[in-house]
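Coordinate inspection notes
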Amino acid sequence: MADTRQYGDLATQLLLESRRSTQTDTLAKYNDPLVRSLIREQRELEKSASTLMEAELNTRGPPPPGLLIIQTAINRNKRCLLAYHTHRLSMLQNLYWACGGALPHLLTNSDLRSRMSPHEVDYLRQYNASLMEFRSDFTYELDIMSGIEKPPKEIHVRVRVVRECGVVQTENGSIDFKRGERYVVRRADVENLIVQGFLEEV
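**Focus on the nonpolar core**
Ranked by internal contacts, the top residues of the largest apolar core, which has 15 residues, are Leu27, Tyr96, Leu106, Leu107, Met116 and Leu124. For this core, the leading source of residues is helix H6 (residues 118-136), giving 4 residues. Not counting the four nearest positions on each side in its chain, Met116 is found in contact with Leu27, Tyr30, Arg88, Leu92, Leu107, Val121 and Leu124. Counting 13 residues, the second-largest nonpolar core is a separate cluster that includes Val159, Phe177, Leu193 and Phe198.

Here you go:
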């Protein structure tokens, strides 16, 4: 059976995947075979464009109309690849901030990790390192990792330990958080633990 696929079909599949991911608000598995196929198509198109340009140079005539079609397909494929990867990076950044910037918590989630490419894992690590470096300049004035949707009304917060998290160093000393127990602690000391689900406000 003859291959009836047209230029741009693979790129359209990537965009449809991104749209489904947006509609369901979930990160779909990285589609490595489709991305690689699209890159192969790009190389074939670039070879075809080079061949047409060489032929046009030999004849010294106007560029053939096929060259415009191929160049349009190349540009569209590039835009679709960039849109797909930008969408995924945006989703990963949202997940990162949703868990309070706790990268280990994010990367130990085996379901999420299986949906990421190795390059995306590297990106998250570099993103986290950049934020930590930036954050170190404001350690005493501002915590850029804390949530801003619900500003705290009090300095202290009552929490209940949902999952064992061990001994945590705070400004006032160390606290051994044991499952089921309740504590009154400074919000700034336990904000990340609340976001990660180790503690819950009561």
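**With respect to the side chain of Asn77**
Here Asn77 is to be found in helix H3 (residues 65-98). Ignoring sequence-local partners within four residues, the contact set of Asn77 consists of Gly8, Ala11, Leu38, Glu41, Gln42 and Leu45.

**So, the sheet that holds strand S5 (residues 199-201)**
Ordered in space as S4-S1-S5, the 3 strands form an open sheet in which the pairing is antiparallel. The sheet terminates laterally at strand S4 (182-186) and S5, the two strands that pair on one side only. Here the average twist between neighbouring strands, direction ignored, is 45°.

**Topic: the environment of Gly101**
Along the chain, the position of Gly101 falls in the loop between H3 and helix H4 (103-107). Assessed through its relative accessible area of 13%, Gly101 is described here as buried. As a C-alpha pair, Gly101 and Val35 span 66 residues in sequence and 29 Å in three-dimensional space.

Conventions used here
- Residues numbered from 1 in each chain as written.
- Predicted model: local features only at pLDDT ≥ 70, side-chain atom pairs only at ≥ 80, totals over all residues.
- Heavy atoms only, no water.
- Core = buried A, V, L, I, M, F, W, Y, C linked by side-chain atoms within 4.5 Å.
- Buried < 20%, exposed > 50% of the residue type's maximum accessible area, 1.4 Å probe, protein only.
- Helix = DSSP H or I, 4+ residues; strand = E, 2+ residues; numbered from the N terminus.
- Contact = heavy atoms within 4.5 Å.
- Pairing = 2+ DSSP bridges.
- Axes fitted to C-alpha atoms, helices over the stretch in contact; angles between N-to-C directions.

Fair warning: the whole summary comes from geometry, so function is off the table for now.
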